[in-house]
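Overview (structure and organization)
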Amino acid sequence: MSLWKKLLWVGVTLLGLASLAVLALSRGEQISALWIVTAGFCAAAISYRFYSKWIAAKILVLNDERATPAVVKNDGKDFVPTNRWMVFGHHFAAIAGPGPLVGPVLAAQFGFLPGTLWILIGATLGGAVHDMIMLFASVRRGGKTLGQMAKEEIAPGVGVLALISVLAIMIILLAVLALVVVQALAKSPWGVFTIAMTIPVALIMGFGLRSGKVNVTAVTIFGLLGLAFGVWGGQFLSNFPAIEAWFRHDAIWVSWAIMIYGLAASILPVWMLLTPRDYLSTFLKLGTVAALAVAVILIHPTLQMPSLTKFIDGSGLVFAGPVFPFVCITIACGAVSGFHSLIASGTTPKMLGRESRIRDIGYGAMITEMMVALMALIAACVLQPGEYFAINTKGTPTEVVTKVSAAGFPVNESEMSILAQNLGEKTMFNRAGGAPTFAVGMAHMFARVSSSPTALALWYHFAIMFEALFILTTIDAGTRVGRFLLQDLLGNVWRPLGNTRSWSANFLTSVLLVAAWGWFLYQGVVDPLGGINTLWPLFGLANQLLSVIALCLCTTILIKMQKTRYLFITLLPLCFMCAVTFSAGYLKIFSADPKLGFLSGAQSLAAQASGMSDLTKAGELLRQAHVWQFDAIVAGFFMLFVFLIVVGSASQWWQLIRGTKPVVLRESEFVPVTSVTTSAAIG
């Protein structure tokens, strides 16, 4: 490296450290959001340029001469060598679900500093390493899933536990992903119209590429034009009431539509719907996030939320729980996400054409998602704190205003009424869940570049639609990966069900999986207290427990590769995530605070129901109490299974390092690229 390049990287490092110092040392003075963006860009650039390159070259030793599973097993359905940009688009679209949008917004109740630090540190040193090594492991093992690899690399017993745990966790994750989409699309004809338009556009793109007569550039241009029409045209539906009625539906109807879409995405060949639609969605995702970053740079809005709030003690209005461990649990996908391991060992390794792309896609997509999480955090923190808490606090308008103002964040009903009017909404009270808050913050920043009186409402509804599209792409890939996992498990019971080349086996297992997460989705939709408040903590806990399983597998593989001296890259994140998940799980189950603990919360609801004269409302509360008791049981089983997996893995590590157990590395046989007919689409 030349002297000038060294000086450049030293300058980037110093700029990043200075940005963090400004954020960390602020004591009440006004701070520009530009400092968060600067710290994010510096961390992303340094970690990708040096840390990911070091891992790729020294530890994983990526080799483009080795044919990938997509090339060796090319079947035109699941294993398809695909252009690297389309693979990146699919992977990023699949991993970037509600976590980087909703999680940081909810975590903003602690102030901007805890979330910023966790996103930067967690993503660069934990999440991106987790994703990269999982993708590498699956590529080297013929595209096998996390459960299959745990069974083969760690131990059969651990593998069975991992398969059951991963599948159960997957069902919860998909239900929560779908619930966030339902809340965003219900009664929103513009959003439903845009989402619906992406499906035929993606099908045309898929068939065009498959024919071999249309190149990626032409398909991309067509897709972007179709997407632009879907986004732009939705705003005019109100001028045609009859047509608008086709796209205006309640939450239950939208839930069934999402289940049907997930079933189709799981069964159809990957090139037909899944890949082109995710690729298409990525343009809107990255384009919007990039525009948001540019808006922050040009407008440099002031962070209204303090660096730390009084709610770090666990008394939060948005959700209960102390800053540690719940800032890590809440942010989830924005820093470390177990769900990523399912995509990295599910669809992506079956499309990757060259091993060198593991670094670009595994590490690169994660730090891109890190920037999305920072943008979401900024969107929440540039709002007036009173408005932020009023949007996310449950209760009647008078109760909310009284509660929020008493907490030290003044707000009144007239301010909230004006805000709702400017956004084109009837009310902004009781809009918990994070998505509306992100949309409000995003609309505020974008509307400042326009003098139009309707700009705020236009951008708000665009942001709601954007969030739904952002998250829906995770559901389609997640359902397909879940089908792979279910076939892995059921194949041990009856071998034909494990055959991924069988249409009937694929259809049956897809129906079973969609029915499982669809049941949880329906319960969340009809939940009288707001399903996101019940399922999101369980989602965060399950997601992070899944990352523990994946990091156990990554550590085992590094030991078997004789890379023991480098174990710190997975062991440190693993130890930290164990501390986070098990402490959070204990609090969620056994905390005496009814706002935090599932069991105490269920007892509180039952006590309220017993004193009610309205039998209908009492029945709803009792039903919710039973759901929370069920959640406690589910969380307990998750923690027990993952604890056993960690113990079993540690036992294997000790035997491997001591040499009392033979090292059997189950990598696929080396197949030179030159010996396989390659495709121009590999790229």
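Computed from a predicted model, the values in this text were never measured in an experiment.

Cut-offs used in this document
Residues numbered from 1 in each chain as written. Predicted model: local features only at pLDDT ≥ 70, side-chain atom pairs only at ≥ 80, totals over all residues. Heavy atoms only, no water. Helix = DSSP H or I, 4+ residues; strand = E, 2+ residues; numbered from the N terminus. Rg over C-alpha atoms; globule rule 2.2 N^0.38 Å. Buried < 20%, exposed > 50% of the residue type's maximum accessible area, 1.4 Å probe, protein only. Contact = heavy atoms within 4.5 Å. Salt bridge = Lys/Arg side-chain N within 4 Å of Asp/Glu carboxyl O. Phe/Tyr/Trp six-rings, centres within 6.5 Å; stacked < 30°, edge-to-face > 60°. Lys NZ or Arg CZ within 6 Å of the ring centre and 35° of its normal. Patch = residues over 30% accessible without salt bridge, like charges linked within 9 Å, V, L, I, M, F, W, Y side chains within 5 Å. Areas by Shrake-Rupley, 256 points an atom, 1.4 Å probe, with all protein chains shown as cover. Expected span 1.5 Å × (residues − 1). Bend = angle between axes of the 7 residues up to and from the residue. Disulfide = S-S within 2.5 Å. Arc of directions from axis to C-beta. Axes fitted to C-alpha atoms, helices over the stretch in contact; angles between N-to-C directions. Parallel < 35°, antiparallel > 145°, perpendicular 65-115°, else oblique. Left-handed = near helix turned anticlockwise from the far one by under 90°. Nonpolar A, V, L, I, M, F, W, Y, C, P; charged D, E, K, R; others polar.

Looking at the overall build of the protein
Helix and strand counts for the protein stand at 26 helices and 2 strands. Relative to the globule expectation of 26 Å for 683 residues, the C-alpha radius of gyration of the protein, 24 Å, shows essentially globular dimensions. A principal-axis box enclosing the C-alpha atoms of the protein has dimensions of 70 × 60 × 55 Å. Within the protein, the proportion of its 683 residues that are buried is 60%.

What to know about the side chain of Ser-307
Position of Ser-307 relative to the elements: it lies in the loop between strand E2 (302–303) and helix H14 (323–331). Owing to a relative accessible area of 12%, Ser-307 belongs among the buried residues under this scheme. In contact with Ser-307, not counting residues within four places along its chain, are Leu-23, Ser-26, Phe-110, Gly-111, Phe-112, Leu-113 and Pro-114.

A closer look at the environment of Pro-397
In this structure, Pro-397 sits in helix H18 (residues 397–406). Classification of Pro-397 as partly exposed rests on a relative accessible area of 31%. Considered as a pair, Pro-397 and Asn-430 are 33 residues apart in the sequence and their alpha carbons are 8.3 Å apart. Not counting residues within four places of it along the chain, the set of residues in contact with Pro-397 comprises Glu-413 and Phe-429.

Comments concerning the pattern of salt bridges
Using the criterion set out here, one finds 8 salt bridges in the structure. With a shortest N-O distance of 2.8 Å, Glu-153 and Arg-141 are connected by a salt bridge. In this pair, Glu-153 sits in helix H7 (residues 146–153) while Arg-141 sits in the loop between helix H6 (112–140) and H7, placing the two residues 12 residues apart along the sequence. Its salt-bridge partner being Glu-244, residue Arg-248 comes within 3.1 Å of it at the nearest N-O pair. If you follow the salt bridges from partner to partner, you end up with Arg-66, Arg-140, Glu-355 and Glu-667 in one network.

A look at the packing of aromatic side chains
All chains considered together, the criterion is met by 24 aromatic pairs. For the pair Trp-232 and Phe-236, a centre-to-centre distance of 4.9 Å together with 70 degrees between the ring planes defines the contact as edge-to-face. Put simply, the rings of Tyr-51, Trp-54, Tyr-566 and Phe-568 touch in pairs and so form one group of aromatic residues. Over the face of the ring belonging to Phe-598 we find Lys-588, whose NZ or CZ atom lies 4.8 Å from the ring centre.

Some words on a nonpolar patch on the surface
On the surface, Phe-229, Trp-232, Phe-236, Phe-240, Ile-243 and Trp-246 cluster together into a nonpolar patch covering about 670 Å² of accessible area. Listing elements by their share of the nonpolar patch, those giving two or more residues are helix H10 (216–233) and helix H11 (241–247). Secondary-structure assignment places Trp-246 in helix H11.

Considerations on helix H16 (residues 357–381)
The terminal C-alpha atoms of H16, which comprises 25 residues, lie 35 Å apart, in line with the 36 Å expected from a rise of 1.5 Å per residue. The largest bend in H16 comes to about 30 degrees, at Gly-364. Among the 25 residues in H16, 23 count as buried, and that is most of the element.

Considerations on the side chain of Glu-153
In this structure Glu-153 comes out as buried when scored by relative accessible area, which is 2%. Excluding residues within four positions of it along the chain, Glu-153 makes contact with Arg-141, Leu-553, Thr-556, Ile-557, Lys-560, Val-664, Leu-665 and Arg-666.

Things to note about unusual backbone geometry
Here the bond from Phe-324 into Pro-325 is cis, since omega is 15 degrees, no more than 30 degrees from zero. Looking at where Pro-325 falls in the secondary structure, it is placed in helix H14. The phi dihedral of Gln-562 falls on the positive side, at around 65 degrees, and the residue is not glycine. The residue Gln-562 is located in the loop between helix H23 (531–560) and helix H24 (568–590) in this model.

Looking at the environment of Trp-503
Among the secondary structure elements, Trp-503 is positioned in helix H22 (residues 503–526). Residue Trp-503 is classed as exposed on the basis of its relative accessible area, which comes to 57%. Sequence separation between Trp-503 and Ile-267 is 236 residues; the distance between their C-alpha atoms is 7.8 Å.

Things to note about the state of the cysteines
As enumerated under the stated definition, the model contains 0 disulfides in all. Cys-42 takes part in no disulfide bond, and the closest cysteine sulfur to it belongs to Cys-381, at a distance of 20 Å. According to the relative accessible area criterion, Cys-42 is buried, its value standing at 7%. Cys-578 supplies the cysteine sulfur nearest to Cys-552, a cysteine that is in no disulfide, at a spacing of 6.2 Å. Classification of Cys-552 as buried rests on a relative accessible area of 0%.

Digging into H7
Among the residues of H7, Leu-146, Gly-147, Met-149, Ala-150 and Glu-153 are the ones counted as buried. Projected down its long axis, H7 carries its buried residues within an arc of 165 degrees, all on one side.

A look at the packing of helix H2 (residues 34–60) against H6
Look at H2 against H6: their axes get within 11 Å of each other, and the N-to-C directions meet at 25 degrees. Our classification of the angle between H2 and H6 gives roughly parallel. With respect to the hand of their crossing, H2 and H6 are arranged in right-handed fashion. Touching Ile-36, Ala-39, Gly-40, Ala-43, Ser-47, Tyr-51, Ser-52, Ile-55, Ala-56 and Leu-60 of H2 are Phe-112, Thr-116, Leu-120, Thr-124, Leu-125, Val-129, Met-132, Ile-133, Phe-136 and Arg-140, all from H6. Across the contact of H2 with H6, the residue classes tally to 14 nonpolar, 5 polar and 1 charged.

Considering the environment of Leu-298
By the secondary structure assignment, Leu-298 is in helix H13 (residues 274–299). When its relative accessible area of 62% is taken as the criterion, Leu-298 is described as exposed. Residues Leu-298 and Met-205 lie 93 residues apart in sequence; the distance between their C-alpha atoms is 36 Å.

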